[in-house]
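Structural characterization, general
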Number of protein chains: 2
Amino acid sequence: MTINIGDRSVAEYVDAHADEAFLGEDGLVGWMRIPSISADPAYVGEVRSSAEWLFRALRRAGFPTVEIIETAGLPAVYAEWPAAGPDAPTVLLYGHHDVQPVDPPELWNSGPFEPEVRGEELFGRGAVDDKGQVIVHLLGVAAHLHATGRAAPAVTLKVLIEGEEESGSPNFAPLLRAHAERFRCDVVVVSDTSVFARDTPSLCTGMRGLVECQVDLRGPDVDLHSGSFGGGVPNPVAALARLIAGLHDADGKVTIPGFYDRVVTLSDRERALFAKLPFDTDAWVRGPARSLAAAGEAGFTTPERLWARPTAELNGVWGGYSGPGGKTIIPSEAHAKFSFRLVVDQTPDEVVDAFRAWVEAHTEPGIVATVHRNGPGVRPCLTPLDDPALQAATRAMERAFGGEILYTREGGSGPEADLASILRVPVIFMGFGLPDDRIHAPNERVVLPMLRAGAKAAAYLWEELARR
Amino acid sequence: MTINIGDRSVAEYVDAHADEAFLGEDGLVGWMRIPSISADPAYVGEVRSSAEWLFRALRRAGFPTVEIIETAGLPAVYAEWPAAGPDAPTVLLYGHHDVQPVDPPELWNSGPFEPEVRGEELFGRGAVDDKGQVIVHLLGVAAHLHATGRAAPAVTLKVLIEGEEESGSPNFAPLLRAHAERFRCDVVVVSDTSVFARDTPSLCTGMRGLVECQVDLRGPDVDLHSGSFGGGVPNPVAALARLIAGLHDADGKVTIPGFYDRVVTLSDRERALFAKLPFDTDAWVRGPARSLAAAGEAGFTTPERLWARPTAELNGVWGGYSGPGGKTIIPSEAHAKFSFRLVVDQTPDEVVDAFRAWVEAHTEPGIVATVHRNGPGVRPCLTPLDDPALQAATRAMERAFGGEILYTREGGSGPEADLASILRVPVIFMGFGLPDDRIHAPNERVVLPMLRAGAKAAAYLWEELARR
């Protein structure tokens, strides 16, 4: 992790102020002492204290406009700093100030809200998810101003730090819609993810979308005796199994007509860059996936399957008897829950419509099928590799971390997708966590050199975005 | 329902004594007042009273040996009456003196244990299942003795009336094994079934067997996040669906290798006789099957599917999330319960072995499957149409009911299969119920003319069996 020559000014500023920013009581450590657990109503006051702490910190950092924005739930914090010049781009920086619950508390080696430094690691809830990554930007903008010698950043900076990310962001899309004009920007920067590995700095370029459905099949009006009726009437559990079995072909491809029509194909360059990541599939299968084998769509590697290909997954199935021993019935009903992970340009609406039509076309005689959609779903988002803002972020990362910056994506979905689809701008995921930071688990930590490198990357980012 | 000329003696005796046998307090009505519910421990004493009532009735009927046989559960009643001559065949007559519970009591139009005659029907629990059909034989043997003018029946009569049939006959097989020598016979006669319809008298020639299994599939060690892992690891619910879907081919045939190897094929004559039954498939689908369509093995009619073809049915399936809304997981486990209805000469052991091998051969990479057998299962039984005892029963029915006697089978299993497999003799199912007698339901009834015709058929049966 070397700093490029010529970036000495930023690097020196960050290195000189890192301890104050990350370990000081007016910095990250002080903020981490506030247990801003959004999922637990007992902590409502603490989430508000966290918002107020951040309000003061943004003021101290020099943002001319800082405001606590109320929602139907917990408060967000918003700040604006207009650029020095009139033609500068506008950036919206997203993060969150709430944290995950700490259960089980007995597994923590130090108090979750008593931050503790051990070696080059800082332990405590919110260290990396996401308070640490917000502080990175406070230090970053200070380093940027120091290095440029200007009183305002090279871009117009809008900072939106929500307070409900860890409880599903129920009020985030309404917040975005209500303030869409105010949040108008040219690019969104999200700092709430990880690099691929400590020695493999990377940017995340997109997230899969999601839509969920339940299918209910009905056969006989009542459970029937399998002796008297078995072999003569439709069995909805068997019919459901055939329906599910038909959802994928022998190559693991989803068979719903049109499912892949809007899927943006991976380019050779993207595949080549994915292939450069030191992804050890066997270790992944045995480790985080806790499985016996990899599986999935033929013709794609595991990272490609997880990040760049849509899926149809079964989340649950039930019908008939599930108690001890046996019960010789033909069940009246069978049910399954399906979730679809989507990639650009698939949309939840189109996928549900296609799924409904497919279920209708494949429902066997004597079976009545209904499809229920669970929730609106989430649109996928993806910033193309040649996007100028992503190029700028890549250069900023290269300057901060040294060496080649690779690209990942996330398989899941977050409120970030709302940013892309409501504000209709590219989203850059520039995160400084590591995969083994134990977010959401006991002993969450952040690696302090990652925060320092992050602050440098953040400082360079405003310069690079203004240059584009 | 006319009585053949030449059988005046039996017919006159039955008609003269039917009211006493079926409506008298020393006859069926008195017995029906005893609530011998075997499934409810509160009625243990009543089941014993029922056994004692039957003990006295068999004594009164003239059986020289009558005995209450204790089991590990509720008592059976056993009686013997040696034939007049030395070369006569030995018949074991099977029935049961326990009854079903009466829930819900408010749906009964008269008290379940206060027998009531309305028109030609007698209402009350046990009217047809099975006390009425036992009394048929007491009247039948009296008519037989009256008509033949002898002091002993033309066959050696062994009567075994168990007390736990309605609670699954848990002690019946051990009872048969413990007394196998004593129960030795040439044929078993079971009177606990129905004719096809009031104007279509019939004999049942067999019952399907049964064996049950549970299959457990395991994929990842824990439920996984479908965003982070979806598309990259095996999903046991989807794998289970494919396993189940592969259990039948497009013609509805079970695909397990060897499954049909031991199935005795329906003869052209059996199929022709089945086809003579006025079985209205549409009415059956809409009526008792409460379904929207018939379904099953191609090339067979619904009665053939239900009675003469083996099945693999799904009784239940579960795995993953089944609560409200969605949960974006890849489940760790998936489970299904299977039951197989068997026909001669399939055996539970062989079918389970073949199923285990098939599951093993069709388990996908990354999935661990285990097959658990639920219980020993029941062997199928079938008496061929050319069996001399069945021929004798057919002639007895023809004489009692007039017209052609057709043949049915039962799709389910009962303790009768134990009789066939433990005693290793043919079983004749000569029952006098009707399909709409509401057995096991409120307002169980028996049609009194069916009991009278049954008593005549029973009287002729001993004569016909001795003649064979």
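Keep in mind the model is a prediction, meaning the values are calculated, not measured.

1. Quick notes on the overall build of chain A
- Scanning chain A from N- to C-terminus turns up 14 helices and 18 strands.
- Taking 23 Å as the expected radius of gyration for a compact globule of 468 residues, we find that chain A reaches 25 Å, a close match to that expectation.
- When contacts within chain A are restricted to residue pairs at least 6 apart in sequence, long-range pairs at least 24 apart make up 79% of them.

2. Structural notes on the relation of the copies chain A and chain B
- Mapping chain A onto chain B calls for a screw motion: a turn of 180° about the axis and a shift of 0.1 Å along it, with 0.1 Å RMSD after fitting. The relationship between the two copies is best expressed as a two-fold rotation axis.
- Interface overlap between copies: 100% of the residues of chain A at the interface are likewise at the interface in chain B, consistent with a symmetric, same-surface contact.

3. Considerations on the domain arrangement of chain A
All names here are of chain A.
- Each assigned domain of chain A is listed with its residue range as follows: domain 1 (8-207 + 380-467) and domain 2 (209-263 + 310-378).
- Each side of the interface is counted separately: domain 1 has six residues, and domain 2 has eight residues.
- In terms of residue class, the side of domain 1 that touches domain 2 is made up of four nonpolar, two polar and no charged.

4. Some points on the interface of chain A and chain B
- Taken together, the contact pairs 68 residues of chain A with 68 residues of chain B.
- With nine residues, strand β11 (residues 311-320) of chain A is the single largest residue contributor to the side of chain A that touches chain B.
- Across the side of chain A that touches chain B, the residue classes tally to 27 nonpolar, 29 polar and 12 charged.
- Two elements, β11 of chain A and strand β11 (residues 311-320) of chain B, share five bridges in a ladder whose sense is antiparallel. For Gly 320 of chain A, the partnering residue across the bridge sits in β11 of chain B and is Gly 316 of chain B.

5. Here we look at the sheet that holds β11 of chain A
- The sheet built from eight strands is open, its strands ordered β14(A)-β9(A)-β13(A)-β11(A)-β11(B)-β13(B)-β9(B)-β14(B) with antiparallel pairing. Since the sheet does not close on itself, it has two edges, and those belong to β14 (368-378) of chain A together with β14 (368-378) of chain B, each with one partner. Sheet twist, expressed as the average angle between the axes of neighbouring strands with direction ignored, equals 20°.
- Pairing of strand β9 (residues 209-218) of chain B with strand β13 (residues 333-342) of chain B, which is carried by 10 bridges, proceeds in the antiparallel orientation. Counted as the bridge partner of Gln 214 of chain B is Lys 337 of chain B from β13 of chain B.

6. Side note on the sheet that holds strand β18 (residues 445-447) of chain A
All names here are of chain A.
- Ordered in space as β4-β5-β18, the three strands form an open sheet in which the pairing is antiparallel. A strand with exactly one partner marks an edge of an open sheet, and here the two such strands are β4 (116-118) and β18. Geometrically, the sheet is characterised by an average inter-axis angle of 25° between neighbouring strands, direction not taken into account.
- Packing of helix α14 (residues 448-467) onto the sheet brings it into contact with β5 (121-123) and β18, and relative to β18 it is tilted by some 60°.

7. Points about the pairing of strand β6 (residues 156-162) of chain A
Residues and elements named next belong to chain A.
- Of all seven residues that make up β6, seven are buried, and the element is covered over most of its length.
- Residues Thr 156, Lys 158, Leu 160 and Glu 162 of β6 are buried on one face, and the alternating residues Leu 157, Val 159 and Ile 161, pointing to the opposite face, are buried as well.
- Relative to β6, strand β2 (residues 76-81) is paired through five bridges, and the arrangement is antiparallel. The partner of Trp 81 across the bridge, within β6, is Leu 157.

8. Examining the packing of helix α1 (residues 8-23) of chain B against helix α14 (residues 448-467) of chain B
Residues and elements named next belong to chain B.
- Where α1 meets α14, the axes come as close as 10 Å, and the angle between the chain directions of the two elements is 130°. When the axes of α1 and α14 are compared, the pair comes out oblique. For the crossing formed where α1 meets α14, the hand is right-handed. For the pair α1 and α14, the contacting residues are Val 10, Ala 11, Val 14, Asp 15, Ala 18 and Phe 22 in the first and Leu 448, Leu 451, Arg 452, Ala 455, Lys 456, Ala 459 and Tyr 460 in the second.
- Residues that form the contact of α1 with α14 fall into these classes: 10 nonpolar, no polar and three charged.

9. Digging into helix α11 (residues 348-361) of chain B
Residues and elements named next belong to chain B.
- Over its 14 residues, α11 extends 20 Å from the first C-alpha to the last, a length consistent with the 20 Å expected when each residue adds 1.5 Å.
- Within α11, burial applies to Pro 348, Val 351, Phe 355 and Trp 358. Taken down its axis, α11 places every buried residue within 95° of arc, on the same side. Away from the buried face of α11 by more than 90 degrees, exposed residues Glu 360 and Ala 361 are located.
- Buried residues along α11 sit in contact with β9, β13 and β14.

10. Comments concerning unusual backbone geometry
- Look at the link from Asp 129 of chain A to Asp 130 of chain A: it is a cis peptide, with omega at 5°.
- Along the chain, the position of Asp 130 of chain A falls in the loop between β5 and α4 (131-148).
- Between Asp 103 of chain B and Pro 104 of chain B the backbone carries a cis peptide bond, its omega angle lying at -5°.
- Inspection of the secondary structure puts Pro 104 of chain B in the loop between β3 (90-96) and β4 (116-118).
- Within the chain, Ser 169 of chain A stands out as a residue other than glycine whose phi angle is a positive 50°.
- One can find Ser 169 of chain A in the loop between β6 and α5 (172-178).
- Look at Arg 424 of chain A: it is not a glycine, yet its phi comes out positive at around 55°.
- One can find Arg 424 of chain A in the loop between α13 (416-423) and β17 (427-429).
- For Arg 424 of chain A, a count of 9 C-beta atoms within 10 Å puts it in the exposed group.

Analysis parameters
Residues numbered from 1 in each chain as written. Chains lettered and ligands numbered in written order. Predicted model: local features only at pLDDT ≥ 70, side-chain atom pairs only at ≥ 80, totals over all residues. Helix = DSSP H or I, 4+ residues; strand = E, 2+ residues; numbered from the N terminus. Rg over C-alpha atoms; globule rule 2.2 N^0.38 Å. Contact = placed C-beta atoms within 7 Å. Least-squares fit on C-alpha atoms with pLDDT ≥ 70 in both. Domains from an automatic or database assignment. Nonpolar A, V, L, I, M, F, W, Y, C, P; charged D, E, K, R; others polar. Pairing = 2+ DSSP bridges. Axes fitted to C-alpha atoms, helices over the stretch in contact; angles between N-to-C directions. Buried ≥ 20, exposed ≤ 12 C-beta atoms within 10 Å, placed from the backbone. Parallel < 35°, antiparallel > 145°, perpendicular 65-115°, else oblique. Left-handed = near helix turned anticlockwise from the far one by under 90°. Expected span 1.5 Å × (residues − 1). Arc of directions from axis to C-beta.

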